[in-house]
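The primary structure of each chain is shown beneath.
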Amino acid sequence: MARKGDYFGLAYIVSLILAIIPVTSWILGAITRFSEGKIVAGILRLLLGWGIIWLCDLILMIFSKHILRLLPV
């Protein structure tokens, strides 16, 4: 069975491809946080989701199969 990625339980390779594309990483990262009930983290993702956070998401998706958690609460 394929390992699950961080975007909505999709397969890891699909989540990785989506994380490589900056726009989808930004949008899906925010939606993922909102769906987890983390409203403040979702808003921060929408405001700060470009650049460094995208790069961190990409690196963490490759190595740990999860996106960056800005607010782990």
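Everything discussed here concerns the structure shown above.
Residues numbered from 1 in each chain as written. Predicted model: local features only at pLDDT ≥ 70, side-chain atom pairs only at ≥ 80, totals over all residues. Heavy atoms only, no water.

The helix and strand inventory of the chain stands at four helices and zero strands. Sequence-ordered secondary structure for the chain, helices as α and strands as β, is α-α-α-α. Since a compact globule built from 73 residues should have a radius of gyration of about 11 Å, the 11 Å found for the chain is in line with a globular shape. With respect to the three principal axes, the spread of C-alpha positions in the chain is 35 × 25 × 20 Å. Within the chain, buried positions represent 30% of all 73 residues. When the accessible surface of the chain is split by element, carbon and sulfur atoms take 80% of a total near 4,400 Å². (Helix = DSSP H or I, 4+ residues; strand = E, 2+ residues; numbered from the N terminus. Rg over C-alpha atoms; globule rule 2.2 N^0.38 Å. Buried < 20%, exposed > 50% of the residue type's maximum accessible area, 1.4 Å probe, protein only. Areas by Shrake-Rupley, 256 points an atom, 1.4 Å probe, with all protein chains shown as cover.)

To continue, consider the packing of helix H1 (residues 12-20) against helix H2 (residues 22-35). Remark: H1 packs on H2, axes separated minimally by 5 Å, with the N-to-C direction vectors making an angle of 110°. With respect to H2, the axis of H1 lies roughly perpendicular. Of the residues in H2, those in contact with Leu18, Ala19 and Ile20 of H1 are Pro22, Thr24, Ser25 and Leu28. Partitioned by chemical class, the residues of the contact of H1 with H2 number five nonpolar, two polar and no charged. (Axes fitted to C-alpha atoms, helices over the stretch in contact; angles between N-to-C directions. Parallel < 35°, antiparallel > 145°, perpendicular 65-115°, else oblique. Contact = heavy atoms within 4.5 Å. Nonpolar A, V, L, I, M, F, W, Y, C, P; charged D, E, K, R; others polar.)

A word on the nonpolar core. Judged by nonpolar contacts, Tyr7, Tyr12, Leu16, Ala19, Leu28, Leu58, Met61 and Ile67 together constitute the single largest core of eight residues. Mapped by element, the contributors of at least two residues to this core are H1 and helix H4 (52-64). Ranked by residue count, the leading element in this core is H1, at three residues. Ignoring anything within four residues of it in the chain, the contact list for Leu58 reads Ala19 and Ile20. (Core = buried A, V, L, I, M, F, W, Y, C linked by side-chain atoms within 4.5 Å.)

This next bit is on empty space enclosed by the protein. Scanning the model with the defined rule gives one cavity of 30 Å³ or more in all. In this model, the largest cavity occupies a volume close to 30 Å³. In terms of lining residues, the largest cavity is bounded by Ser25, Trp26, Arg45, Gly49, Ile53, Trp54 and Asp57. For the lining of the largest cavity, the element with the highest residue contribution is H4, accounting for three residues. By residue class, the composition of the lining of the largest cavity is three nonpolar, two polar and two charged. (1 Å grid on protein atoms, 1.4 Å probe; cavity = no way out; pocket = protein on both sides within 12 Å on 5 of 7 lines; lining within 4 Å. Points joined across faces, edges and corners; volume = space filled by probe spheres on them.)

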